[in-house]
Amino acid sequence: MILSGTVLTERASAVGFFVLFPGFILYHTLVAMGMIPAFLGGLFGVVSVMMFIVYCALLPSQLHLLLSASRGYALLTFAFFAYVLLWAVVNYGLVGGGVMRAAMIQTVETLVLWLVLFVMGYRLPMDSPRLSRAFWVAFGLIAGYLLIHVATTGQWMFFARRMLEADGGENVSTYQGYARSALVLLVFLIAISERALVRAGLIVLGAFVMFVLGARSELYAFLSLSLLLLLLWAGMSVKYMLTLLAVAAALIALVVSQFEALASSRQLQILDLSGTSSWLARQNLGQRAVEQITANPLLGRFGGHITSADMTGGYAHSMLSAWVNFGLLGFLLYLGLTATAFLGAALRLLSAGDWSGRWVFAFSINFVCLLLIVLAKPVFWPLPALGWGAFANALVASRLQQDGHDESRQRKAARDQQGRNDNESGTPDLSPSAL
């Protein structure tokens, strides 16, 4: 059997999506437990490069539909990719040196991740039963393991790297990688779920998972998304209003009952951020970014975070890092793509009442990405590209659905007209549709 480019791209996207997100957590946990070697390194980069090669072969077959049916959004996304690449090449060519080389490599790596996640989001088969089952099984394993971890150790934090700290712990992901994957896993499951009780259970258990994994920004982004969705659903149904109250009561009861154990956790440090070293360091990096932007508001300073901090990780943990590295135009394109996707998906949900899985996923993933790039994540965080692809996915699917409805109406109108003509002429309609 010969498969079309579309089917191959969808299957590759489904496999890659599972491996990069729930598979990432399962892989690193097994490595931390010593059950498997780290044969894929950190997994995310290696698998992304493999997916990049696959997509380079398959993307030409998808471009026509993507560009014609996404109302210019995909074209703008590719224009942003091209701009970032050109910007990096020009700066490296004009200045050169070790700093520019490091900034160039970091930018190219980010572009590879962006392209992979964008195409993956665009061709993700949201209605695939196999993908849904795989995600539910993975979520059950992850949540079950973390529940056992808390129950047996009494510790509300899970850091897989500490399990191998004395013997190759660097091969195991940090809590940020775990939280990124768990966030996407939960957003996807909420989007494809249809029952209020299932969504409520996901939110409560998902909040537990995100808390135990230890990343503040992803936890509060997930809670903010959950509250927003429940408020929207509550406005449509009394059942969801009761669900909202039940979820809030369950989370409050959990925090109150375990407050002493949770009081010293990283997550509750948000109540007094001024005393945390990580917050102070981020404030310092943000101030440096503002100074570099003020010095050159139009062009920014490509690689400025490396120059000022003497390391590739010395960027501002916000969208300001895009302004520093790619200038004002790059910043506006970067922010605009996520804001457009979020607002476009919100408009579809609220005005058209289209609460299909594709649109809920596009809305949800772009909401958390927009929130986090404004408050906590640098331009080198790759997840926004998944949101851009999810929005393109929903746009194309809706366009195809609309075209199908239009074609059906045209055929029906043609049949009705033929019937009227036959009645006027006295000729019976013997077409198969009439019979």
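Our structure is the block above this text.
Residues numbered from 1 in each chain as written. Predicted model: local features only at pLDDT ≥ 70, side-chain atom pairs only at ≥ 80, totals over all residues. Heavy atoms only, no water.

Undergrad: I tried to follow the packing of aromatic side chains on my own but got confused; where do I start?
TA: What describes a pair of aromatic rings is the distance from one ring centre to the other and the angle between the planes of the rings. Applying the stated rule across the entire model yields 37 aromatic pairs. The interplanar angle of 85° and the centroid separation of 5.5 Å between the aromatic rings of F78 and F118 together place this pair among those described as edge-to-face. Of this pair, F78 sits in helix α5 (residues 73-95) while F118 sits in helix α6 (residues 97-122), and the two are 40 residues apart along the sequence. Each member of the pair, F78 as well as F118, is classed as buried. Pairing F81 with W388 gives two aromatic rings, centres 6.2 Å apart and planes at 40°, and the pair type is tilted. (Phe/Tyr/Trp six-rings, centres within 6.5 Å; stacked < 30°, edge-to-face > 60°. Helix = DSSP H or I, 4+ residues; strand = E, 2+ residues; numbered from the N terminus. Buried < 20%, exposed > 50% of the residue type's maximum accessible area, 1.4 Å probe, protein only.)

Undergrad: What should I look at first to understand the nonpolar core in this one?
TA: When a protein is soluble and globular, its nonpolar side chains tend to lie buried together. F17, W114, F188, F361 and W388 are the most contacted members of the largest nonpolar core, which has 139 residues in total. It is α6 that contributes the most residues to this core, 14 residues altogether. (Core = buried A, V, L, I, M, F, W, Y, C linked by side-chain atoms within 4.5 Å.)

Undergrad: Sorry if this is basic, but what is going on with a nonpolar patch on the surface here?
TA: Residues L30, M33, M35 and M163 make up a contiguous nonpolar surface patch of about 360 Å² in total accessible area. Here M35 lies in the loop between α2 (22-32) and α3 (44-58). (Patch = residues over 30% accessible without salt bridge, like charges linked within 9 Å, V, L, I, M, F, W, Y side chains within 5 Å. Areas by Shrake-Rupley, 256 points an atom, 1.4 Å probe, with all protein chains shown as cover. Salt bridge = Lys/Arg side-chain N within 4 Å of Asp/Glu carboxyl O.)

Undergrad: I keep staring at the environment of G286 and nothing clicks. Help me out?
TA: Within the secondary structure, G286 sits in helix α13 (residues 277-295). In the structure, G286 is positioned 32 residues away from S318 in sequence and 7.7 Å away in space, judged by C-alpha atoms.

Undergrad: So what exactly am I meant to see when it comes to the layout of surface pockets here?
TA: Unfilled space is identified by rolling a water-sized probe across the atoms. In this structure, the largest pocket occupies an estimated 940 Å³ of space. As for the largest pocket, its lining consists of 38 residues, of which R180, Y315, F380, W381 and P382 are closest to the centre. Looking at the lining of the largest pocket, the elements that each hand over two or more residues are α2, α3, α6, α8 (175-192) and α13. Broken down by class, the residue content of the lining of the largest pocket amounts to 16 nonpolar, 15 polar and 7 charged. (1 Å grid on protein atoms, 1.4 Å probe; cavity = no way out; pocket = protein on both sides within 12 Å on 5 of 7 lines; lining within 4 Å. Points joined across faces, edges and corners; volume = space filled by probe spheres on them. Nonpolar A, V, L, I, M, F, W, Y, C, P; charged D, E, K, R; others polar.)

Undergrad: Looking at this structure, how should I read helix α7 (residues 129-153)?
TA: In an α-helix, one turn spans 3.6 residues; hence positions three or four apart end up facing the same way. Spanning 25 residues, α7 covers 36 Å between terminal C-alpha atoms, matching the ideal 36 Å at 1.5 Å per step. All of the buried residues in α7 are L131, S132, F135, A138, F139, I142, A143, L146, H149 and V150. Turning to α7, the residues buried within the fold contact α1 (5-20), α2, α8 and α9 (196-213). In the segment just after α7, G154 is the residue with positive phi, at about 75°. (Expected span 1.5 Å × (residues − 1). Contact = heavy atoms within 4.5 Å.)

Undergrad: Explanation requested: the environment of A376 in the structure shown.
TA: With respect to the element layout, A376 can be found in the loop between α16 (357-375) and α17 (384-425). Residue class for A376 comes out buried when judged on its relative accessible area of 7%. When the C-alpha positions of A376 and S217 are compared, they lie 6.7 Å apart, and in sequence the two are 159 residues distant. In this view, A376 contacts S217, R282, H317 and S318; residues no more than four positions away in its chain are not counted.

Undergrad: Looking at this model, I keep getting lost on the pattern of salt bridges. Mind explaining?
TA: A side chain with one charge can pair with a side chain of the opposite charge if their charged atoms come near. Enumeration according to the criterion identifies 3 salt bridges in this entry. In this structure, R123 engages E10 in a salt bridge whose closest nitrogen and oxygen atoms are separated by 3.6 Å. Of this pair, R123 sits in the loop between α6 and α7 while E10 sits in helix α1, and the two are 113 residues apart along the sequence. According to the relative accessible area criterion, R123 is buried, its value standing at 10%. Close ionic contact of R348 with D354 constitutes a salt bridge, the shortest N to O distance being 3.1 Å. Exposure remark for R348: the relative accessible area of 24% places this residue in the partly exposed category. Given a relative accessible area of 15%, D354 falls into the buried group.

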